[in-house]
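Summary of structural features
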Amino acid sequence: NTSLLLIPILIYFTPNFIQDGIHIIYSIIFIIVILNIIGNKNIKIKLENKIFNFLGKISYGLYMYHFMIIPIILYILNKYKFTTNEFYLNFIIYFTTILITILVSAFSYYFFENKFIKLKSKFSPIKSSIPNE
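Presented here is a report on the structure given in the accompanying data block. (Residues numbered from 1 in each chain as written. Predicted model: local features only at pLDDT ≥ 70, side-chain atom pairs only at ≥ 80, totals over all residues. Heavy atoms only, no water.)

Let's talk about the packing of helix H4 (residues 59–79) against helix H5 (residues 86–123)
Packing of H4 against H5 brings their axes to within 8 Å, and their N-to-C directions diverge by 135°. By the angle between their axes, H4 is oblique relative to H5. With respect to the hand of their crossing, H4 and H5 are arranged in right-handed fashion. Together, Tyr60, Gly61, Leu62, Tyr65, His66, Ile69, Ile70, Ile73, Leu74 and Leu77 of H4 and Leu89, Ile92, Ile93, Thr96, Thr97, Ile100, Thr101, Ile102, Val104, Ser105, Ser108 and Glu113 of H5 make up the contact between the two elements. Split into classes, the residues belonging to the contact of H4 with H5 amount to 14 nonpolar, seven polar and one charged. (Axes fitted to C-alpha atoms, helices over the stretch in contact; angles between N-to-C directions. Helix = DSSP H or I, 4+ residues; strand = E, 2+ residues; numbered from the N terminus. Parallel < 35°, antiparallel > 145°, perpendicular 65-115°, else oblique. Left-handed = near helix turned anticlockwise from the far one by under 90°. Contact = heavy atoms within 4.5 Å. Nonpolar A, V, L, I, M, F, W, Y, C, P; charged D, E, K, R; others polar.)

Here it is as C-alpha cells:
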C-alpha cells in the first residue's frame, strides 16, 4: 500500500537530473504492487476479462505498430494545422493513436498472424497451449 502512495509522489517530486534512473525505482515499486496483488486473496482485482484477453491476443501487433502509427497521426494533425488547446490536442493524439493501433493490430492478428499460428501448430514438435481459431 505504501508502494501505491510512492508512485504519484515520485512522479511529481523527482528532480529532472535523475529522471532516467527513476525507472529502476518504479520497477521495484511495481514489483511490490504486483506481488501484493498476487499473494493477497483479499484484493479483488479481476484481470481476466474479454477486453484484456482480446488485447493480450493482439499484443504483438500493439507493440509492433504503435511506433509507426504515432508519427502518422502527428503528421496528419500537423499537415491540416489542427490546433486547439493543449488538453484537447493531447486527447485527440492519444485517443486516435490507441484506437488506430488497436484496429490495425486486430486486423493484423486475424488476417495475417493467425495464419502463422496455425502453421506453427502443424510444424511444431511440441504442441503449445494456443488454441486454433
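Notes on the packing of helix H3 (residues 50–57) against H5
Direction vectors running N to C along H3 and H5 enclose 65°, while the axes themselves pass 9 Å from each other. When the axis of H3 is compared with that of H5, the two are roughly perpendicular. Taken together, the residues of H5 that come into contact with H3 (itself represented by Phe54, Leu55 and Lys57) are Ile102, Ala106, Tyr109 and Tyr110. In the contact of H3 with H5, the residues fall into six nonpolar, no polar and one charged.

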